[in-house]
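Below, each chain spelled out in residue letters.
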Amino acid sequence: MGKVTGGEALMLSLIEENVDTIFGYPGGSIIPVYDKMYYYTDRLRHILARHEQGAVHAAQGYARVSGKTGVVIATSGPGATNLTTGLADAMIDSTPLVCIVGQVGASFLGTDAFQETDFIGISMPITKWNYQITNAEEVPQIIAKAFYIARSGRPGPVVLDFTKNAQLGECEFRYQKCSFIRSYVPTPQVNREEIAAAAAAINEAKKPFALVGQGVELADAEKELLALLEKADIPFGWTLLGKSVVPADHPLNMGMLGMHGGYAPNKKTNECDLLIAIGMRFDDRITSNTAAYAKQAKVVHLEIDRAEISKNIKADFPVLANLKDSLPLLAQAVAEARHADWISSFKPYAEQELAKIITPQLHPGEGAITMGEAVNKISQKAGGKAILVTDVGQQQMVAARYFEVKQPRSVVISGGLGTMGFGLPAAIGAKVAAPNREVVLFVGDGGIQMTIQELGAIMQENIGVKIVLLNNSFLGMVRQWQELFFGKRYVATPLVNPNFVKLAEAYDIRGRRVSERAELGEAVDEMFAHKGAFLLEVAVQPEGNVFPMVPAGAALEEIRFE
C-alpha cells in the first residue's frame, strides 16, 4: 500500500479484523485517529457515546450479543480513566474488548503533560493485556496481537495506549492476523484421563446436578452442553450470566442459582451427590458460605481457566479445556441414564416457591404494581425472542427470574462487578449488534440516572431500544438490605426523581408512565408497536422486596421467603 500514518494503520487493521462498529468519544490526543476515520466511515460505523463509560458498556453489550470483540476509542487522561469501570466489568465477566486510548507524545511521557496519565499502570489489574504504542511501525502487529489475546481462551479486555507521535508517524502497512504468542497458551489441550474420570463420576451418580455458566456461551457450546445433559438426564441450574445458555422451557432447566435464585436449585445443591460445574467460577453470590456449600457432593469442574479450578470450591474431577472440545468427549464417554425420581424431587420445592413467592409477585390482584408482574407482562409479549438487558439492583434480579429467553446470546447483565449505570449503554450496544431483534432493558430509577446522558446516543443513531424503567423511588436493593438487616434505617436510599417521560421526550424518545394495573397491558402493547426507542416508566411498590434470598454469608439452607 505504501506508507500510511499510524492512525490510518489502525483503521486498516480494524478492517482486517472484520470490525464494523466502534464506540467512542474523541479528544485532543486521539484526533489523528479520528481524522483518518473520516475516510473509512463507509466501512466502520462510529457510535458517539456521551461519556466514555457509556462507550465501553455499549461495546460490552455489542460483544456479548454478537460474539465479536467490542472496540472502544477514547482520548488520554480523563477520557482513558473514564473507561476503568467498564474495563473492570469486562474483566470479571470475561467480555472481549480492545480499547484504544490516546496518549501524549512519547517525548512528553513522564512530564505531567496536559491530560497525561499512566494508563498502563492504572489499567494493568483490570485488563487481560495492555501495551503502549510509541512507534507507528508497531501498529499492525500490536493490533493483531490485541485481538488475539482479547478473544482467545478466557476472553477479556485489552488496552492499547497510543502515543500521539505514533498516530502521526508513518509506516509500511502489512497486516497478518495473530494466532500464536510464545508462552501464551489460551486453550489447554484436553486430557483424556480427566474426561474418563469425570465420566465415571457422572455414571456412578444417583443424584447429579449441573451448574451452567456463561463459559458455555463464550465457547459457543450450547448444543454440546445439551447433548451431555440430555444423554445422562442431568437436571441443571444456571448462573446469572448463564441464563440464555439453554432455553427457559427445557424440561431439565430448574432455574437460577444463587442469592436470589430458585428455592429448588439452591436446596438441591446441598442434596445432590455430584455437582457438575460447567463454565462457571463458583462466585460468592452462588455459593454464599463456602464452608456449608455442597459438602455432601463430589465436584466435577469443566473450565478453561486453570486459575478457577479449586479456587473457591475444591474440584474432585477437574477437566481443564475449552468446553467446545471437552463437552463432546464427555458426552460420548458417559452412559445413557434416567434420573426420574431425582428430577421429580425438585418439584415440591418449586411448588412451595410458586405458592409463596411467584404467584403473589406475578398476580398480586390489588395494591401497587409489583416488579414481577411488570416483567412477566412484558416477557409474555416478547415471547422468548427478545434480548434481555438489565441494570443492577432489584429490577435485575426480578428480570433474571421472570423474563423468559429461548435463544443463545440473549442476556446482557453486569454480573461480577455489579455496575449500576451499565444497562442503558449496554442495551445500545446490544441493539447495534442485533438490529432485527427486540432489545428490552429493565432499569431502576437509580441506575438509569448514572448514564442517562446516553439517551443522546440513542437519539443521534436512532437506536430502537425498549427501556422499561421500574420506578420505586428508592435505591431498591440497598433499601431492601436496610430493611432486613439494618432496622429499616433508610439513609441515602430514598430518591426524589425527575419527570423521566419528559426527559425522554427531550431526546425525541417516546415515553409513557403507568401507575395503575389496568393500564399496564395497553402500555406494553404500545411500547412494542412503536418502531423506535420507547421509555415505559412503571411506578411499582416502593418497598417491594426480592425473594427468595440467601443472606450474604449464610448457608444455602438459610434461604428466606420473607
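About the criteria used
- Residues numbered from 1 in each chain as written.
- Predicted model: local features only at pLDDT ≥ 70, side-chain atom pairs only at ≥ 80, totals over all residues.
- Heavy atoms only, no water.
- Pairing = 2+ DSSP bridges.
- Helix = DSSP H or I, 4+ residues; strand = E, 2+ residues; numbered from the N terminus.
- Axes fitted to C-alpha atoms, helices over the stretch in contact; angles between N-to-C directions.
- Contact = heavy atoms within 4.5 Å.
- Buried < 20%, exposed > 50% of the residue type's maximum accessible area, 1.4 Å probe, protein only.
- Phe/Tyr/Trp six-rings, centres within 6.5 Å; stacked < 30°, edge-to-face > 60°.
- Salt bridge = Lys/Arg side-chain N within 4 Å of Asp/Glu carboxyl O.
- Core = buried A, V, L, I, M, F, W, Y, C linked by side-chain atoms within 4.5 Å.

### Re the sheet that holds strand β3 (residues 45–48)
Reading across from one edge, β3-β2-β4-β5-β7-β6 is the order of the six strands in this open sheet, with parallel pairing throughout. Strands at the two margins of the open sheet, each flanked by one partner only, are β3 and β6 (129–133). For this sheet, the mean inter-axis angle between neighbouring strands, taken without regard to orientation, is 20 degrees. With two bridges joining them, strand β2 (residues 21–24) and strand β4 (residues 70–74) adopt parallel strand pairing. The partner of F23 across the bridge, within β4, is V72. The sheet strands contacting helix α5 (residues 84–92) are β5 (97–103) and β7 (157–163), and the helix crosses β7 at an angle near 145 degrees.

### Topic: the side chain of T390
With respect to the helices and strands, the residue T390 is situated in strand β15 (residues 387–390). Looking at T390, the relative accessible area reads 0%, which means it is buried. Discounting chain neighbours no more than four positions away, the residues touching T390 are Q395, Q396, A399, V412, I413, F422, G423, L441 and F442.

### As for α5
Every α-helix carries 3.6 residues per turn, so stepping three or four residues along brings you back to the same face. Listed as buried for α5 are G86, L87, A88, D89 and A90. Buried residues along α5 sit in contact with α3 (52–66), β5, α6 (119–123) and β7. S94 lies just past α5 and shows a positive phi near 55 degrees.

### Considering the environment of P186
Mapped onto the elements, P186 comes out in the loop between β8 (170–172) and α9 (192–204). In this structure, the C-alpha to C-alpha distance between P186 and Y507, residues 321 residues apart in sequence, is 44 Å. Residues contacting P186, with those up to four places away along its chain left out, are Y148, S152, G153, R154 and I304.

### Looking at the packing of aromatic side chains
One pass over the full model with this rule turns up 13 aromatic pairs. On the numbers, 5.3 Å between centres and 85 degrees between planes, the contact of Y38 with Y39 is edge-to-face. For the pair Y38 and Y39, one class covers both residues: exposed. With 4.7 Å between their ring centres and 65 degrees between their planes, Y263 and F561 make a pair best called edge-to-face. In this pair, Y263 is assigned in helix α12 (residues 263–269) and F561 in the segment after β20 (534–539), connecting sequence segments 298 residues apart.

### Here's the deal with the pattern of salt bridges
Charged atoms that come close allow side chains of opposite charge to pair. Summed over all chains, the structure comprises 24 salt bridges. Here R151 ties to E17 by a salt bridge, and the two come within 2.8 Å at their closest N and O atoms. Of this pair, R151 sits in helix α7 (residues 139–151) while E17 sits in the loop between α1 (6–16) and β2; the two residues are 134 residues apart in sequence, bridging distant segments of the chain. Judged by relative accessible area, E17 falls into the buried class, the value being 5%. With a closest N to O distance of 2.5 Å, E353 and R401 form a salt bridge. Taken together, the residues E353 in helix α16 (residues 347–362) and R401 in helix α18 (residues 394–402) connect sequence positions 48 residues apart. Each of the two residues, E353 as well as R401, counts as buried.

### Remarks on the nonpolar core
Judged by nonpolar contacts, the single largest core of 101 residues is most densely connected at F403 and F442. Residues within four places of F442 in sequence aside, it is in contact with V375, I378, L388, V389, T390, D391, Q395, A399, F403, V468 and L470.

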